[in-house]
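Take a look at the letters that make up each chain.
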Amino acid sequence: MKLAGIVRRIDELGRIVIPKEIRRTLHIKNGENLEIFIDGNKVILKKYSELGNMQELSDTITETLNSNLKTNILISDTDKFISISGPLKKKYLKEEISETILKYINGRKNVILKDKKINITKDKTENKNIFISPIISNGDAIGAIIIISEKEMTSSNLESVTLLAKVLAKHIES
């Protein structure tokens, strides 16, 4: 466990302020949900991931798309990759997404990158065809379905991925 060297007082309503430096480091934005755990005499705060709580559905989607499209399918929340099917699974599963991927997710529009080298994580890049379909739930960009492929995807393949991103969003909203 890293020590931040910061001490904060709990106010009369039981609130504590998480320092800006820590929120920035952990990409915690105003209005985001945190999970609270107790471990012995420690209180643990963890960013809440709506997609992370849908592991089984995310795995089903990546496996189904991979078996049909025969390429790498990744699902991420706004922090890390939570489900992957294809040869890149060992390389990226549970890894933190790059600022570039986060920028595309927050852009809220489908992105097609043809043979463009981009950072997938902070220190790992791919130079392939990449399609990013953000998952928008209750107006918030909460993640994306990403295709990383040697071959170009057809428009019907891309429409299928976009539709599944919308299905994930609706599932979270209900």
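It should be noted that the structure appears before, not after, this text.
What you see is a predicted model; the values in this text were computed from it and never measured.

Undergrad: Kindly report on the environment of D11, identifying the contributing residues and their values.
TA: In this structure, D11 sits in the segment before α1 (20-25). Accessibility expressed as a relative area gives 27% for D11, which makes it partly exposed. Placed 109 residues apart in sequence, D11 and I120 show a C-alpha to C-alpha distance of 41 Å. One polar contact links the side chain of D11 to the main-chain amide nitrogen of L13, over a distance of 2.9 Å. A polar contact is formed between the side chain of D11 and the side chain of R15, at a distance of 2.8 Å.

Undergrad: Outline unusual backbone geometry, supporting the account with residue identities and numerical values.
TA: A positive phi angle is found at D115, which is not glycine, with a value near 45 degrees. Residue position: D115 is located in strand β5 (residues 111-119). For N138, which is not glycine, the phi dihedral falls at a positive 50 degrees. With respect to the helices and strands, the residue N138 is situated in the loop between β6 (125-137) and β7 (140-149). A relative accessible area of 57% places N138 in the exposed class.

Undergrad: Got a sec to walk through the side chain of S58? Specific residues and values, please.
TA: Here S58 lies in helix α2 (residues 55-69). Ignoring sequence-local partners within four residues, the contact set of S58 consists of L51, I75, I82, S83 and L168.

Undergrad: Would you mind going over the environment of I120 in detail, with residue names and values included?
TA: Looking at the secondary structure, you find I120 in the loop between β5 and β6. With near-sequence residues (within four places) excluded, I120 lies in contact with F81, Y92, E96, I97, S98, I101, T125, E126, I130 and I148.

Undergrad: So what's going on with the sheet that holds β6? Residues and values would help.
TA: The strand order β4-β3-β7-β6-β5 describes an open sheet built from five strands, whose pairing is antiparallel. Both edges of this open sheet fall to β4 (81-85) and β5, since each of them pairs with a single strand only. Across the sheet, the mean angle from the axis of one strand to that of its neighbour is 30 degrees, orientation sign disregarded. Pairing analysis gives seven bridges linking β5 to β6, with the strands arranged antiparallel. Across the sheet, N119 pairs through a bridge with T125, a residue of β6. Here α2 sits on the sheet and contacts β3 (72-77), β4 and β7; the angle it forms with β4, its principal contact strand, is near 30 degrees. Strands β3, β5, β6 and β7 of the sheet are contacted by helix α4 (residues 99-107), whose axis makes an angle of about 160 degrees with β5.

Conventions and cut-offs
In every chain, residue numbers begin from 1 and rise along the written sequence. For a predicted model such as this one, the threshold for reporting local features is a pLDDT of at least 70, and the threshold for listing and counting side-chain atom pairs is 80 or more; totals across whole chains, interfaces and linings nevertheless cover every residue. Think of the side-chain values as coming from all heavy atoms in the structure, minus any hydrogens and water. Strands are runs of DSSP state E lasting at least 2 residues, helices are runs of H or I lasting at least 4, and numbering of each runs from the N terminus. With a 1.4 Å probe rolled over the protein chains alone, any residue whose accessible area is under 20% of its type maximum counts as buried; one over 50% counts as exposed, and the rest are partly exposed. A 3.5 Å cut-off defines polar contacts: any pair of N or O atoms within that distance qualifies, except that in protein one atom must be a possible hydrogen donor and the other a possible acceptor, and neighbouring residues in sequence count only when both atoms are side-chain atoms. Contacts between residues were defined by any pair of non-hydrogen atoms, one from each residue, lying within 4.5 Å. Note on pairing: DSSP must find at least two bridges between two strands before they are called paired. Orientation is described by axes fitted as lines to C-alpha atoms, over the contacting stretch for helices, and by angles from 0 to 180 degrees between their N-to-C directions.

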